[in-house]
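# Summary of structural features
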Amino acid sequence: AETAAAAASSSGSAGPEEEPHMTVNLVEGTQEGAELTEAVRAWLAKARLWLQRLDPQAKVPPSAHLPQSAVHWEPAAAVLFILTHGHFDPKRDIPGLGEAAAAAAAPRAQPGLVSVCCATSDRRRTFHPLIYENFRRQTHEPRELVVVHTGELPSDFFQEKARQDPRVTYRFFPVTREAPGSPRLSDERMGSPWDAVLVDDDPAELTYWEHGDPWTWEIRREGWTKGLKRNVACCLARGAVIAHFDEGCLYAPDYLSRMLSELRGRGGGGQQAGALGPMGAALAKWYTVGISDCDFRLVDLNRPEPMWEQYGQDARRAQERDAYNHGFVYVYSRAAWEQQPFPDVETVGTKDSDFMKALKSQGVSVRLLDPGTQEAIAACGWHRDATCGAKDAPANINDAMVLDFLRFRGNDARNPEVFRDTLRMVREIASDLLARRERYLRDLVEEHGSVHTCAYCNFAVALARNVKESGRQISTSMQVTDGYDMTKTFAKQPMKFEVCEVLRAGGAVAEGHWASVPAAHGWLGSVNQRMAICRNCGFQLGWRYEPAGAPKECASPCCIYTAKPGREYCCSRCRASGPHHHDETDCEKKEAAVPKAPVFWGLIWRHLRERRRPGEHVPEDSDVRRHKETDRNYRRSDVCPDGHKLRCFCTGQGNGGALPFYYICDICDRPARGA
């Protein structure tokens, strides 16, 4: 319920072997029973407040059964028990928590102990050995590692480590239920995301480009969000101080000791960890590292970041807003988490600042820490093949934008000496991720034949057998985008593309409002068109075509209403201020018609790569001159030196990320510009 009001009453005795239960009613306005003691009333009040801070709109059962011993749990444990419908059971997962005598004699937070928490899922299991290696190499004592894993199968690696190392607490929670339908992607399932190409096209599936912060996009999960998993991990944790180790990230051996020392010093003159009150901190200076090539860049959150200007934001102010977004370098007292849970959301790029901002709003000390070391002591790892997984295309596309930002933010840095011993494992992970992608390819082509992939991210777009006609051309007029100067021409320029006509393309998604097709394209028939983009990275692939005849849609990007008769927009305010502003008296708010079947696609050949088998060469940018004259291309301009067909395309379309600097001239090896 929205107000998280609660009442509890005894439900009487249960079976002879069952503990008596009490019923907790989370319904607004319910009165508490007169039989409740003041201690239980105080406990319920803390539980209500904690739930309110976790999610004011939490969808919880109107009534839930709790063991009577739950009044001896910390309130957060009871809330998590209810939110997870008992899948997280403190009586089972936290031995001794419900025993009143033990709880009174032994406070949950142990002074001096640092709990390292990690939330993970099935598709991230490649990183599990690196998580443990980061933990094993730490110099601080005492410490523990708490891993919360959701998915289809538990991690063999962490199950074994939990048996061998008493410092490791591993809890696996199976995903037992999926929503109806065939989800294209899900990071809590072990299946191949490339199976998206096997799913029938949904005419109603649309996405829109809009100006804004890609980190703020919330991913709608059927399973547990990362925020919820972090709360479960913190509930399991026994340390007075909690730190995060995220998958794919690197931590120096003295990371915990230095961060704890800084936290203690900032918290009040060297007090012991057990005495720390609510407080939180994040590392101010860290690296990004590309897993595939071990390329490091140094990020300093105390300095302006010029990359923000390419997103239309101020370099300094945007960097300040971004300061607490990166939970992989969080450290905070357990008292802080007991006061403020992580919001039950999952956002692109793990935007975690809501936790720290909530603490600051409550007067809690929250700071950026700079230990003053010569090298940064943590690195945020990224790899494009490790990101796909969300079921909604905007989440994947925004994730790809976040990765592009990580690739180029900060300054070039040499490989830090502090991570020398872990780079071998990083290279092994890169090899494993490549092998996994090639395994997806092998399984797909062995059963269904060759597949066309996105030229930018190598994600499967369409099966080759679904290409109806390979020799189509599209001639159109579009504005030209200059990828270097980030400018766009006012006038439209004629452009020509060679495309293939595709009947099904599960790896693509339609973007934007429909428009009329260009004239003099008889093969298209009576259809409208929308942009087609890769559902994994947002790269422009071409166009999607649907039956004509739908009412005209409002021209404001992302507006879901139809235009007023004879006009381009639904109302004057939408035209002036954008799709989230409407004139209550002038706007009819008539929702646009749902596109009808059948749909088909015109995909630009230059934006596709045909993959026939694992291990084949995939072209990448190179400083090596690639043009040469051979028997295959002698006196020919339509094939490459190996005889492959050269396709006609245009740079600078300015749609879905297909910017000109992605293209390299095969003759002079220089970037091709669109201006």
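Each remark here, short or long, concerns the structure printed above.
Quick caveat, the model's predicted, so the values are computed rather than measured.

## What to know about the pairing of strand 6 (residues 168-174)
The pairing of strand 5 (residues 143-151) with strand 6 spans seven bridges and is classified as parallel. In the strand pairing of strand 6, His149 is matched with Phe172. At this point the chain moves from strand 5, through helix 6 (residues 156-164), to the parallel strand 6, and the crossover so formed is right-handed.

## As for the packing of aromatic side chains
Per the stated rule, a full pass over the model turns up 24 aromatic pairs. Where Phe342 meets Phe355, the ring centres are 4.0 Å apart and the plane angle is 15°; that geometry is what we call stacked. Taken together, the residues span a long stretch of sequence, with Phe342 in the loop between helix 10 (334-339) and helix 11 (353-361) and Phe355 in helix 11 at a distance of 13 residues. On the basis of relative accessible area, Phe355 is assigned to the buried category, the value being 0%. Each member of the aromatic cluster is reached from another via a ring pair, and the members are Tyr132, Phe135, Phe157, Phe158 and Tyr170. Looking at Arg143, its charged tip hangs above the ring of Phe135, at a distance of 5.0 Å from the centre.

## Thoughts on unusual backbone geometry
Across the junction of Glu141 and Pro142, the peptide omega takes the value -5°, indicating a cis bond. Tracing the sequence through the fold places Pro142 in the loop between helix 5 (128-136) and strand 5. Despite not being glycine, His85 shows a phi value in the positive range, around 55°. Here His85 is to be found in the loop between helix 2 (75-83) and helix 3 (90-93). Its identity as a non-glycine residue notwithstanding, Cys294 has a phi of 55°, on the positive side. Within the secondary structure, Cys294 is located in the loop between strand 11 (285-290) and strand 12 (295-300).

## As for the packing of helix 1 (residues 38-54) against helix 2
Orientation of helix 1 relative to helix 2, taken along the N-to-C sense of each, is 60°, at an axis distance of 8 Å. By the criterion of interaxial angle, the relationship of helix 1 to helix 2 is oblique. As helix 1 runs across helix 2, the sense of the crossing is right-handed. For the pair helix 1 and helix 2, contact is made by Trp43, Lys46, Ala47, Trp50, Leu51 and Leu54 and by Pro75, Ala76, Ala78, Val79, Leu80 and Leu83, respectively. Class assignment for the residues of the contact of helix 1 with helix 2 results in eleven nonpolar, no polar and one charged.

## So, the pattern of salt bridges
Scanning the model with the defined rule gives 39 salt bridges in all. The partner of Lys226 in a salt bridge is Asp246, and the shortest N-O contact between them spans 3.5 Å. Taken together, the residues Lys226 in helix 7 (residues 226-236) and Asp246 in the loop between strand 8 (239-244) and strand 9 (250-251) connect sequence positions 20 residues apart. Accessibility assignment for this pair places Lys226 and Asp246 in one class, buried. Of the charged contacts, one joins Arg420 and Asp421 as a salt bridge, the two residues approaching to 3.9 Å between their closest N and O atoms.

## A closer look at the pairing of strand 24 (residues 600-604)
Burial within strand 24 is extensive, with five of its five residues counted as buried. By the alternation rule, side chains of strand 24 split into Phe600, Gly602 and Ile604 and Trp601 and Leu603, which are all buried. In this structure, strand 23 (residues 540-547) lies alongside strand 24, joined through four bridges in antiparallel fashion. From the neighbouring strand, Arg544 faces strand 24, where its bridge partner is Trp601.

What counts as what
Residues numbered from 1 in each chain as written. Predicted model: local features only at pLDDT ≥ 70, side-chain atom pairs only at ≥ 80, totals over all residues. Heavy atoms only, no water. Pairing = 2+ DSSP bridges. Helix = DSSP H or I, 4+ residues; strand = E, 2+ residues; numbered from the N terminus. Right-handed = clockwise from strand over helix to strand, strands pointing away. Phe/Tyr/Trp six-rings, centres within 6.5 Å; stacked < 30°, edge-to-face > 60°. Buried < 20%, exposed > 50% of the residue type's maximum accessible area, 1.4 Å probe, protein only. Lys NZ or Arg CZ within 6 Å of the ring centre and 35° of its normal. Axes fitted to C-alpha atoms, helices over the stretch in contact; angles between N-to-C directions. Parallel < 35°, antiparallel > 145°, perpendicular 65-115°, else oblique. Left-handed = near helix turned anticlockwise from the far one by under 90°. Contact = heavy atoms within 4.5 Å. Nonpolar A, V, L, I, M, F, W, Y, C, P; charged D, E, K, R; others polar. Salt bridge = Lys/Arg side-chain N within 4 Å of Asp/Glu carboxyl O.

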